[in-house]
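Below are the chains, spelled out letter by letter.
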Amino acid sequence: MKVCITSQGRDLSAQLDPRFGRAAAFIIVDTDGGDFQVVDNKQNLQAAQGAGIQAAQTVAGTGVKVVITGHCGPKAYRTLAAAGVKIYSGASGTVAEALEAFKAGKLSDTGGPDVEGHW
Amino acid sequence: MRIAVASGKGGTGKTTVAAAMAQALGECTFLDLDVEAPNAYIFIKPEILGRETARIMTPEVDESKCIACAECSRVCRFNAIAALGTVVVVFPELCHGCGACEMICEPGAISAGFREIGVMEWGKAGGIDFYNARLRVSEPMSPPLIRALKEKPESWKETVILDCPPGTTCPMLEAVRGSDFCVLVTEPTPFGLHDLEMAADALAELGIPSGVVVNRAGLGDARVHEFCRERGLEVMLEIPNDRRIAELYASGSGLLESVPEMADSMKKLVRKISGRRAA
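Residues numbered from 1 in each chain as written. Chains lettered and ligands numbered in written order. Predicted model: local features only at pLDDT ≥ 70, side-chain atom pairs only at ≥ 80, totals over all residues.

Moving on to the sheet that holds strand E9 (residues 181–186) of chain B. Residue and element names in this part refer to chain B. Taken in spatial order, the nine strands of this open sheet run E3-E6-E7-E2-E8-E1-E9-E10-E11, and their pairing is mixed. Looking at strand neighbours, the two that pair on one side only are strand E3 (47–61) and strand E11 (235–240), the edges of this open sheet. Going across the sheet, the axis of each strand differs from the next one's by a mean of 20 degrees, ignoring polarity. Pairing analysis gives four bridges linking strand E1 (residues 2–6) to strand E8 (residues 160–163), with the strands arranged parallel. Among the inter-strand pairings, Ala4 is bridged to a residue of E8, identified as Leu162. (Pairing = 2+ DSSP bridges. Helix = DSSP H or I, 4+ residues; strand = E, 2+ residues; numbered from the N terminus. Axes fitted to C-alpha atoms, helices over the stretch in contact; angles between N-to-C directions.)

Quick look at the structure:
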């Protein structure tokens with residue numbers, strides 16, 4: 001299964017980015033093989049509005065089933081949910097640590113946005 | 001001749017000046033474009049003759065026709081529409097109503113829905129044709145309503161006075177656009193000067209000639225006058241810092257009611273503007 005982890009850097013040792021819409025990058029990991037790819041989110045860092053919506057669309061386009069992040073706002077959540085992507089928020093540490101926590105069942109499906117927009 | 005009255009800083013006396021100009025002329029078309037806080041009606045006291053809800057286009061999507069090209073999402077500069085395969089999510093609160101998504105949708109899956117943005121009203125006060133609009137509470141964008149109100153009059157008097165919103169952002173730019181001249185009302189204080197500079201820069205960029213009315217003259221310092229001299233901005237009128245004007249204003253009286261002799265100054269101001277235009 002492909003999962004997306006919001007990241008401040010470009011590999012598994014980078015710190016998880018607690019923001020979803022304005023995360024520096026998305027690391028897409030295949031939990032079966034362990035391979036990963038990096039998807040840039042630079043174009044969204046300066047977006048005047050709707051960064052979460054655009055980011056959600058980018059992430060959904062990679063075919064991931066799960067997003068692991070710190071926090072997810074209402075518009076990003078609505079967009080991801082429409083694409084059938086589940087959101088596991090409240091993660092922290094490095095990307096690798098967040099992935100391990102997810103695999104160990106320590107993170108749970110948020111079931112809704114956990115912050116207001118523009119937090 | 002379309003004369004915009006703007007300021008940069010809020011509360012400098014835009015509406016006071018615009019309403020007094022209109023009343024001194026007696027004959028004009030008056031638009032209160034400060035749709036977030038319309039208050040010119042208090043001074044002009046028009047009889048309201050009509051009312052209309054203003055709407056903007058927001059997309060409605062028929063997903064059965066969607067071919068998952070995602071062009072709608074790519075064309076939207078406001079990120080108001082997300083295309084996830086053939087699932088299309090619209091965020092009306094981010095939509096500016098430009099209609100680009102509807103235009104670009106090859107299979108015609110997007111049609112025009114509407115969102116109410118406010119209410120427009122019009123009426124008469126003697127020879128003044130009066131128009132104003134009130135933004136719907138919680139509606140975040142005022143420019144579409146300002147645009148709609150500017151397109152509302154079916155006939156125009158020779159002189160048109162536009163009472164513009166404060167600031168130098170989209171609402172102010174939308175309001176002053178297309179004007180022949182802009183009167184910048186300021187006060188001789190550091191705040192007045194700071195925002196006057198921004199407003200003068202914005203108008204220069206738009207290519208709209210402008211002049212300055214200094215309200216509450218005698219207050220503060222000389223820096224507004226120095227700035228005007230340096231920038232070649234004519235100080236066209238000064239309104240004294242008079243407690244009497246403020247007291248009557250607070251009870252809903254316009255400038256000409258508190259200082260009737262100001263009517264001549266206002267007429268002279270309009271003559272100066274039309275002279276500047278002819279020159």
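On to the nonpolar core, then. Ranked by size, the top nonpolar core spans 66 residues in total, and within it B:Val5, B:Phe30, B:Ile161 and B:Leu162 carry the most contacts. Discounting chain neighbours no more than four positions away, the residues touching B:Phe30 are B:Ala22, B:Ala40, B:Ile44, B:Ile128, B:Asp129, B:Phe130, B:Tyr131 and B:Ile161. One finds A:Ile27, A:Val67, B:Val61 and B:Cys72 within the second-largest nonpolar core, a separate group that totals 47 residues. (Core = buried A, V, L, I, M, F, W, Y, C linked by C-beta atoms within 7 Å. Buried ≥ 20, exposed ≤ 12 C-beta atoms within 10 Å, placed from the backbone. Contact = placed C-beta atoms within 7 Å.)

Residue and element names in this part refer to chain B. Mapped onto the elements, Glu187 comes out in the loop between E9 and helix H7 (190–206). Taking the number of C-beta atoms within 10 Å as the measure of exposure, Glu187 has 25 and is therefore buried. C-alpha of Glu187 to C-alpha of Glu238: the two residues are 51 residues apart in sequence and 9.5 Å apart in space. Beyond its immediate stretch of four places on either side in the chain, Glu187 contacts Thr12, Gly192, Asn215, Arg216, Leu219 and Gly220.

All right, on to the interface of chain A and chain B then. Across the contact, 13 residues belong to chain A and 11 residues belong to chain B. Within the residue set of the side of chain A that touches chain B, elements represented by two or more residues are helix H2 (51–61) and helix H3 (74–82) of chain A. Among the elements that make up the side of chain A that touches chain B, the one with the highest residue count is H2(A) (five residues). When grouped by side-chain class, the residues that make up the side of chain A that touches chain B number six nonpolar, five polar and two charged. (Nonpolar A, V, L, I, M, F, W, Y, C, P; charged D, E, K, R; others polar.)

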